[in-house]
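Residue-level listing of the chains:
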Amino acid sequence: MTFWQDPYAAAVEWLRNLLIGWGLTVEAAQLILYLAGGIVLAGGSLALVIFLIWAERKIIGRVQDRLGPNRVGPWGIFQTFADILKIFTKEYITPNGVDRVPYNLAPVLAVAAVIMIWAVVPFTVTLYGADLSVGLIYVMAVGAIGEMGIVMAGWGSNNKFALLGAFRAVAQMVSYEIPMVIALLIPVMMAGSLSLGAITASQAVWNILIAPLAALIFFITSVAEVGRAPFDLVEAESELVAGFNIEYSGLKFGFFFVGDFLHAFTIAMLFTVFFLGGWRGPFVDQVPILGAVYFFIKTSLVYLVNILMRAALPRFRIDQMMDFNWKYLTPLSLSVLVVTALADKLTLGLSAWVRIPVFLGLNGLLFLAASVMVNRRAINRPRAEVVSRPRPLARPETAVQPETNGGVS
Amino acid sequence: MIPLSWYLILAALLFCIGLFGVLARKNSVAVLMSVELMLNAVNINLLAFWRYLYLTSTAYNGFVFVVVLFAVAAAETAVGLAIIISAYRSRKTVAAEDFTALQG
Amino acid sequence: MSTAQILFLIFSAVVVAAAVMVVLSRRIMRAALWLVLALFGVALIFALLDASFFAVVQVLVYVGAIATLLIFAIMLTRGVMDDSKAQLNRGWPFALLVCLGLFGGLVYILSQWNRFNSAAPALPQDAYDLTLFGLALTSPDGYLVAFEAASVLLLAAMVGAIYLALEKRGN
C-alpha cells in the first residue's frame, strides 16, 4: 500500500509510528488518533457547510432567474464568510419566560446530532470513523436526538409559533421515520448486516437497481426528516413566521441554520451509502482513495436533486403531508419489502442478468398499482374541509364540557 | 471489575424511585413516565443477569426478555397516552385523582 | 478502583439523579427532559454491560419514540395542571415509606443471596453476534413464540391506541 493509493491509511500509520516513537504507549497513541480523527471529521463537516450554503444559494438563484450571491469574492464565493461575520456580531436575545436549559441546549443538539452521523459513514474502504455492527440503528437513534433538539427549541422558546412548529416537527418526523426504516430494511436484507461498511461492500450491483421504489421512498422520507421543501411545514415562513427557531438570534440561530444544511447533505450521503454503492466504482480495488471521490460525486448529485426539488415544489398542507405518509408511503414500503424479500428468495442463485430485470419489473408493477389506487381515491373522494372545522383539541372551549362534580362520587 | 451487586442495587433504586412516582404524582402523564423508569430498572436487571450468570454464545434468553420488554414499554406508552388524551378530551383534566367516574 | 467502576458510578449517579428529578420536578416538561437524560444514562449502563446493541436500541426506542410521544402528549394537554402548586398527592409520605421499605427489603434479600457479589465472566469471542441473535429470534427452535407474542402485543396496542384516540365524528 503506497502513499498515492491510500494516503489516508498511510498518514494514519505514519502518525501512529511517530507518536509511538515519541515514547507513548500504543493505547495512548490510539486514543490521540481517535481524538484527532473526531476533530478532523467534525471540523471538516462544518467547513463543508460554508461551501454548501454558497452553492445552494447560487443554484436556487439561477433556478429563479436571479444571479445569486455575486459581490464578495469571485462568483460571490466568500458570501458565507461575510454572513458568518455578521451573525457573530449580532446580540443574543433571550426572551422573557424561556426555559433556559432547553432553550440553550437545543441549537447544540441540532448540530451535534448531524455530526454524530458522520462518525459511521464509510467514505472509502479504510476511511471511516467507526464501523459499528449496529450502524443503521445508530443513525436512526441519532436522528431521534435531533428531533429532541427541535422539541426543546419549540417548547423552551415560550412562543406559540415556535410551539406550533415543534408540534408539526414531531408529527412529521415521527411519522416519516416509519416508511424510512422499512425502506432501509431492504439494503439491510441484501447485505445481511446492519453495518454501513458491510452494506456498501455488498453492493456489487447498486441497490437502486434492486429496489428503486425503496430508494424513492427513502429519498422522499429523508427530505421530510430534514424538513426541507416541500416538507418545510416545520418552519413555514408564511404560516408560522419561522417555526421552532423564531426566538433565536445570532449564533444560536446560525447553529440551526448550519444544522439544517449539513443534515440535508448528510442524508444525501446516507442515500449514497444505502442505494448508490457508497465508495464503489471502477479501479477502487487498486486505488482506495478514489472511493472518496466517487462517494462525493454521488452525494453531490443526490444533493443537487434535493436542491432542485426545493426550488421547484410548493409546500404541502399539513393534512396532505400526513395523508401522503400514512395512506401511501407506509403501505407501499411494506409491500415493497415483502415483494423484494420473496423475489430475492425465489431467484436465489440466478445470475444478476436475470435477477435485476425481475426486481425492476416487480417494482414497476407495484408502483403502477399504487398510482392507480391513489388516483382513483383522489378522484372519487370529496375534498374534506380541514381548515374550516375547528377540532376540539385546537380550541378547548368548543369541546364537549365535562360533567360537573366529577361524575358519581 | 464491577460486581453484580452494583447493578442490582442501581436497578432496585431506580425501580423504587419509579414506584414512588407512580404512587405519588398527580399528573397521569408523569405516572406513565415513572412506569417507564420501572421498566428500565427491570431491563438493567435482565441484562446484568445475562452478562454475569448466563453468558453463553448460543443462549439469548436475557436478550429475548429485553426485546419483549421493549415491545411492552412501547405498547404501554401508546395505549396509556391514548387513554389519557381520550380522558382529557371528555373531562378537561389529566390529574389522576380527578378520574373518579368508576369510584363507588 | 478501575476505570469501569468509575464510569459505572458516574453513569448511575446521572441515572438516579435524573430519575429523582423526573419524580419531583414541578414542571411536567422539565420532568420529561429529565426522563430523556435518565434513559440515556440507562443506555450507557447497557453499554457497560457489553450489550451495545441494546444501548443503541434503547436510545432509538425510548428517546426516539416513547419520550417523543410523552412530550407530544404533554404539549397537547398543556396548561391544565397548575405548575405552581405541589405535584404530589396528599398521601406522598406513605408512598415514600412504601418505596423505602421495598428498597430496604430488596437489598436485604439480595444480600442474603450467595451469588450477590459474583464477578462477570470474560466475554467469549463469539458471544455477541447479531446475525445469530436474529436467527435465534425467528427460528422455531429458538424464541419464535416470544417474538411473535411481542409482535401481536404491538399490533393490539396499535389498534387499541387508534381506537381510543379517535375523535368521534359528529358529536
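**Description of the overall build of chain A**
Next up, step 1: Regarding its fold elements, chain A presents 14 helices and zero strands.
Next up, step 2: Put simply, chain A runs from its N terminus to its C terminus through helices and strands in the order α-α-α-α-α-α-α-α-α-α-α-α-α-α.
Next up, step 3: Here the analysis covers contacts within chain A between residues at least 6 apart in sequence; of these, 76% occur between residues at least 24 apart.
Next up, step 4: Accessible area of chain A: about 20,300 Å², with a carbon and sulfur share of 70%.

**Observations regarding the overall build of chain C**
Next up, step 1: A count of helices and strands for chain C gives six helices and zero strands.
Next up, step 2: If you list the helices and strands of chain C from N to C, you get α-α-α-α-α-α.
Next up, step 3: Computed over the C-alpha atoms, the radius of gyration of chain C is 21 Å, more than 25% above the 16 Å expected from 2.2 N^0.38 for a compact globule of 171 residues.
Next up, step 4: Along the longest, intermediate and shortest principal axes, the C-alpha atoms of chain C span 60 × 40 × 30 Å.
Next up, step 5: The 171 residues of chain C split such that 38% are buried.
Next up, step 6: Carbon together with sulfur atoms contributes 70% to the accessible area of chain C, which is approximately 9,300 Å² in total.
Next up, step 7: Within chain C, one finds 9 positive and 8 negative side-chain charges whose respective centroids are separated by 23 Å.

**Here we look at the packing of helix H2 (residues 28-48) of chain C against helix H3 (residues 52-76) of chain C**
Residue and element names in this part refer to chain C.
Next up, step 1: Packing of H2 against H3 brings their axes to within 9 Å, and their N-to-C directions diverge by 170 degrees. In terms of their interaxial angle, H2 and H3 are classed as roughly antiparallel. Facing Ile 28, Met 29, Ala 32, Leu 33, Leu 35, Val 36, Leu 39, Phe 40, Val 42, Ala 43, Phe 46 and Ala 47 of H2, the residues of H3 in contact are Phe 54, Ala 55, Gln 58, Val 59, Tyr 62, Val 63, Ala 67, Leu 70, Ile 71, Ile 74 and Met 75.
Next up, step 2: Split into classes, the residues belonging to the contact of H2 with H3 amount to 22 nonpolar, one polar and no charged.

**Focus on the pattern of salt bridges**
Residue and element names in this part refer to chain A.
Next up, step 1: If you walk through the whole model with that rule in mind, you get eight salt bridges over all chains.
Next up, step 2: Between Asp 323 and Lys 327 there is a salt bridge, with its nearest N and O atoms 3.5 Å apart. Remark: Lys 327 and Asp 323 occur in helix H13 (residues 318-346); sequence separation between them is four residues, near one turn of the helix.
Next up, step 3: For Asp 323, a relative accessible area of 26% gives the class partly exposed.
Next up, step 4: When salt bridges that share partners are traced, they join Glu 56, Arg 228 and Arg 310 into one network.

**Topic: the packing of helix H6 (residues 160-191) of chain A against H3(C)**
Next up, step 1: Here H6(A) crosses H3(C) at 145 degrees, and the two axes come no closer than 11 Å. Here H6(A) and H3(C) pass one another in a crossing that is left-handed. For the pair H6(A) and H3(C), contact is made by A:Leu163, A:Ala166, A:Phe167, A:Val170, A:Ala171 and A:Val174 and by C:Thr68, C:Phe72, C:Met75 and C:Leu76, respectively.
Next up, step 2: Here the contact of H6(A) with H3(C) is built from residues that sort into nine nonpolar, one polar and no charged.

**Re the domain arrangement of chain A**
Residues and elements named next belong to chain A.
Next up, step 1: We note that the domain assignment places domain 1 (7-84) and domain 2 (90-340) within chain A.
Next up, step 2: Here the C-alpha centre of domain 2 lies 20 Å away from the C-alpha centre of domain 1.
Next up, step 3: Domain 1 puts 15 residues into the contact, and the matching count from domain 2 is 21 residues.
Next up, step 4: Here domain 1 meets domain 2 over a buried area of about 1,700 Å², counting both sides, of which 86% is carbon and sulfur.
Next up, step 5: If you sort the residues of domain 1 by the area they bury against domain 2, Tyr 8, Leu 41 and Glu 56 come out on top, with a joint share of 32%.
Next up, step 6: At the boundary of domain 1 with domain 2, the tally comes to three residue pairs in polar contact (both at pLDDT 80 or more).
Next up, step 7: Listing elements by their share of the side of domain 1 that touches domain 2, those giving two or more residues are helix H1 (7-21) and helix H2 (26-63).

About the thresholds
- Residues numbered from 1 in each chain as written.
- Chains lettered and ligands numbered in written order.
- Predicted model: local features only at pLDDT ≥ 70, side-chain atom pairs only at ≥ 80, totals over all residues.
- Heavy atoms only, no water.
- Helix = DSSP H or I, 4+ residues; strand = E, 2+ residues; numbered from the N terminus.
- Contact = heavy atoms within 4.5 Å.
- Areas by Shrake-Rupley, 256 points an atom, 1.4 Å probe, with all protein chains shown as cover.
- Rg over C-alpha atoms; globule rule 2.2 N^0.38 Å.
- Buried < 20%, exposed > 50% of the residue type's maximum accessible area, 1.4 Å probe, protein only.
- Lys, Arg positive; Asp, Glu negative; His and termini not counted.
- Charge placed at Lys NZ, Arg CZ, Asp CG, Glu CD.
- Axes fitted to C-alpha atoms, helices over the stretch in contact; angles between N-to-C directions.
- Parallel < 35°, antiparallel > 145°, perpendicular 65-115°, else oblique.
- Nonpolar A, V, L, I, M, F, W, Y, C, P; charged D, E, K, R; others polar.
- Salt bridge = Lys/Arg side-chain N within 4 Å of Asp/Glu carboxyl O.
- Left-handed = near helix turned anticlockwise from the far one by under 90°.
- Domains from an automatic or database assignment.
- Buried area = accessible area lost by both parts, 1.4 Å probe.
- Polar contact = N/O pair within 3.5 Å; in protein donor to acceptor, adjacent residues only side chain to side chain.

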